[in-house]
Amino acid sequence: MTKSTNRREQIEQVIVTAQQMREIEGRIFEAGMPVAALMEKVAGLLSRRIQKRYPLSGYRRIGVLVGPGHNGGDASVVARELHLQGYEVLIYRPIAKPKELTSQHTQYAASLGIPVYEQIQPLQNCDLIIDGLFGFGQTRSISGEIADAIQQLNQWSQPVVSIDLPSGIHTDTGEVLGTAVRATRTFCLGLWKLAFLQDQALEYIGEAELIDFGIPPSDVWAILGQPAGMLRMTATMARNYLPLPRPAVTYKYKEGHLLLICGSRRYAGGAILTGLGARASGVGMLSIAVPESLKPLLVSHLPEALIIGCPETPEGAIAHLPESIDLGDYSAIACGPGLTREAKPVVQHVLEAECPLVVDADALNILAELRTIPTLLRRKTPTVLTPHVGEFKRLFPDSASLLPDRVSAVWKASQLSRAVVLFKGARTAIAHAGSSVWLIPESTPALARGGSGDVLTGLIGGLVAYPSLSEQPLEAIVATAAWWHAQAGILAAQERTELGVDAFTLTQYLTQVVRSTLLMP
């Protein structure tokens, strides 16, 4: 792998806040890079990318929205370059007194014959709109005539490309500041901004693409440190935490022994799906504790696993674990899917285990009843929590006050609990006290199906159980499982459509993701 490739991969993993991006750009300018030169460079990259995505043959007429800041300056230069390539370009500039550099570029564009309008209506019949109204760092709510113009734009049918961020989206939280442009595609400049990983911004961002304009890594690390505080999980990173290849001489217990505690008469499927997720991890030995009445069903679906029948309540939940189960025998334990809240004594018992513990579903609700943070602080070994938003609010009511800023909320929850917290969502976030926040950069709505979370729990448990990964950061292993799960969903949706990806089907695509990841150059 070349140095340039390493640099590119490092840049694609980093996520920054607006303030961090300002400081990084400040270092570039202090080192002698003229603002005008950087603007020309960025706009040149943008215009070439736009020409490739939207060729002249299909998008002859282009409207460009030019704001007052340097984002508007980028847009003005893009307008000029596209004009020189033969596109018919129209500019909408709603603010008459922009920054000096932006004003100069717009004046020059006008001198070339590009019409400049103060109203957006003349752009309505364009084949493509380029949004350069407001870039990163916007904090004020958009109102008045510009808000009206954005609302008109959002009702039009042509594709919209936003430069850096859709105008009106908060760089850090992804919040809509009054109103925002709904982009078809957003070209993020330099480094990924946090809004791209916040659920509430996704319907405005559209397809996202990074435009790497060559920020020196030394400037990035000088501001962010190493490792950076927020990281995107990529295929290259995930490959580092997959438990392959195995040594030539090994045996099943050396490849990890996972205990799953899950299922009830009412939710038998939860136990099966969790087991199938664990199976896909390749963990050496899998034991599954279920109510006694479910044992034949589990044996039929997972014949390679050791199925342990447990005494059950009249309603069919696990009453308690049998004496044959010694929690000290396992590399890791995953507990929760399908248990029902009747299994509270079981969860209390499992929380005393001295091995890594993955807690999901009903076990999370029971943990909230037991008082989350005091209970977890008594544990001496690592704990992984995997809540969706409802469970998160019950577990961490103080952290939930930070929502909908999911990244800040999960970070605070991890600091308070000292647990690895995986906060499920369209952009799943994983945090651990004193470490980076990992974010899963892509997923699919196909995973919004009952049981897909059970599959993830089994997959996480399987990876955590591997002794060969025990020296790796636990949060990175959990993030790898979440990335793996998301990629399987994406692959399944591509082949079967979003409606065709049930949880059982999802498990059949997990191995394909590993294969393609390991075969990467």
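For the structure itself, consult the block above.
Residues numbered from 1 in each chain as written. Predicted model: local features only at pLDDT ≥ 70, side-chain atom pairs only at ≥ 80, totals over all residues. Heavy atoms only, no water.

## Let's talk about the layout of surface pockets
Here is step 1: Taken as a whole, the largest pocket spans an internal volume of roughly 1200 Å³.
Here is step 2: Around the largest pocket sit 48 residues that line it, and Ala426, Arg427, Glu442, Ser443 and Thr444 are the ones nearest its centre.
Here is step 3: For the lining of the largest pocket, the secondary-structure elements that each account for two or more residues are helix H1 (3–13), helix H7 (202–205), strand S9 (207–211), helix H9 (235–240), helix H18 (452–465) and helix H19 (474–496).
Here is step 4: The element contributing the most residues to the lining of the largest pocket is H19, with seven residues.
Here is step 5: Counting residues per element, the ones that place at least two in the lining of the second largest pocket are helix H2 (18–30), helix H3 (35–53) and helix H4 (70–84).
Here is step 6: With four residues, H3 is the single largest residue contributor to the lining of the second largest pocket.
Here is step 7: Grouping the amino acids of the lining of the second largest pocket by side-chain chemistry returns 14 nonpolar, nine polar and six charged. (1 Å grid on protein atoms, 1.4 Å probe; cavity = no way out; pocket = protein on both sides within 12 Å on 5 of 7 lines; lining within 4 Å. Points joined across faces, edges and corners; volume = space filled by probe spheres on them. Helix = DSSP H or I, 4+ residues; strand = E, 2+ residues; numbered from the N terminus. Nonpolar A, V, L, I, M, F, W, Y, C, P; charged D, E, K, R; others polar.)

## Quick word on the sheet that holds strand S13 (residues 306–310)
Here is step 1: Overall, mixed pairing links the 10 strands, which are arranged S10-S19-S18-S17-S16-S15-S14-S11-S12-S13 in an open sheet. Every interior strand has two partners, whereas the edge strands, strand S10 (230–232) and S13, have only one. Across this sheet, the average inter-strand angle for adjacent strands is 15°, counted without regard to direction.
Here is step 2: The pairing of strand S15 (residues 357–359) with strand S16 (residues 383–385) spans three bridges and is classified as parallel. Within the sheet, the bridge partner assigned to valine 358 lies in S16 and is valine 384.
Here is step 3: Here helix H10 (residues 268–281) sits on the sheet in contact with strand S11 (257–261) and strand S12 (285–291), set at roughly 175° to S12. (Pairing = 2+ DSSP bridges. Axes fitted to C-alpha atoms, helices over the stretch in contact; angles between N-to-C directions. Contact = heavy atoms within 4.5 Å.)

## A few points about the sheet that holds strand S5 (residues 128–132)
Here is step 1: With parallel pairing, the seven strands of this open sheet are ordered in space as S4-S3-S2-S5-S6-S7-S9. Sheet topology places strand S4 (116–117) and S9 at the edges, where each strand pairs with a single neighbour.
Here is step 2: Both strand S7 (residues 185–189) and S9 contribute to a ladder of five bridges, which runs parallel. The residue of S9 that forms the bridge with cysteine 188 is leucine 210.
Here is step 3: Each of S5, strand S6 (160–163), S7 and S9 touches H3; the most contacted strand, S7, lies at about 155° to it.

## Focus: H10
Here is step 1: A rise of 1.5 Å per residue sets the reference length of H10, with its 14 residues, at 20 Å; its end C-alpha atoms lie 21 Å apart and thus fit the reference within 8%.
Here is step 2: Of all the positions in H10, only Ala268, Gly270, Ala271, Ile272, Leu273, Thr274, Gly275, Leu276, Gly277, Ala278, Ala280 and Ser281 are classed as buried.
Here is step 3: Following H10 by one or two positions, glycine 282 adopts a phi angle in the positive range, close to 80°. (Expected span 1.5 Å × (residues − 1). Buried < 20%, exposed > 50% of the residue type's maximum accessible area, 1.4 Å probe, protein only.)

## A word on the packing of H2 against helix H8 (residues 217–224)
Here is step 1: Running from amino to carboxyl end, H2 crosses H8 at an angle of 135°, the nearest separation of the two axes being 9 Å. One element, H2, and the other, H8, form an angle in the oblique class. Seen from above, H2 lies across H8 with right-handed handedness. In this structure, H2 contributes Gln20, Glu23, Ile24, Arg27 and Ile28 to the contact, and H8 contributes Ser218, Asp219, Val220, Ala222, Ile223 and Leu224. (Parallel < 35°, antiparallel > 145°, perpendicular 65-115°, else oblique. Left-handed = near helix turned anticlockwise from the far one by under 90°.)

## What about the pattern of salt bridges?
Here is step 1: Applying the stated criterion across every chain, the model contains 16 salt bridges.
Here is step 2: A single salt-bridge network, built from bridges that share partners, covers Arg49, Arg53, Arg185 and Glu209. (Salt bridge = Lys/Arg side-chain N within 4 Å of Asp/Glu carboxyl O.)

## Comments concerning the packing of aromatic side chains
Here is step 1: A complete count under the given rule lists five aromatic pairs for this structure.
Here is step 2: Judged by centre distance (5.1 Å) and plane angle (90°), the ring pair of tyrosine 54 and tyrosine 59 falls under edge-to-face.
Here is step 3: Measuring from ring centre to ring centre gives 6.5 Å for tyrosine 241 and tryptophan 438, while their planes differ by 85°; the resulting arrangement is edge-to-face. Of the two residues, tyrosine 241 sits in the loop between H9 and S11 while tryptophan 438 sits in strand S19 (residues 437–439), which places them 197 residues apart along the sequence. For the pair tyrosine 241 and tryptophan 438, a shared accessibility class is recorded, and that class is buried. (Phe/Tyr/Trp six-rings, centres within 6.5 Å; stacked < 30°, edge-to-face > 60°.)

## Some thoughts on the side chain of arginine 427
Here is step 1: For arginine 427, the location among the structural elements is in the loop between strand S17 (420–423) and strand S18 (429–431).
Here is step 2: An unpaired buried charge is present at arginine 427: no salt bridge exists, and aspartate 199, the closest side chain of opposite charge, is 6.2 Å distant.
Here is step 3: Here arginine 427 is in contact with Phe196, Leu197, Asp199, Leu202, Arg406, Ile440, Pro441, Glu442 and Ser443, once residues within four sequence places are set aside. (Lys, Arg positive; Asp, Glu negative; His and termini not counted.)

## Structural notes on H4
Here is step 1: In this model H4 runs 21 Å from its N-terminal to its C-terminal C-alpha over 15 residues, within 8% of the 21 Å that 1.5 Å per residue would give.
Here is step 2: Most of H4 sits inside the fold, with 11 of its 15 residues counted as buried.
Here is step 3: Of the positions making up H4, those classed as buried are Asn71, Gly72, Gly73, Asp74, Ala75, Ser76, Val77, Val78, Ala79, Arg80 and Leu82.
Here is step 4: Looking one or two residues beyond H4, the residue adopting positive phi is glycine 86, at roughly 105°.

Purely geometric numbers; function is a separate question.
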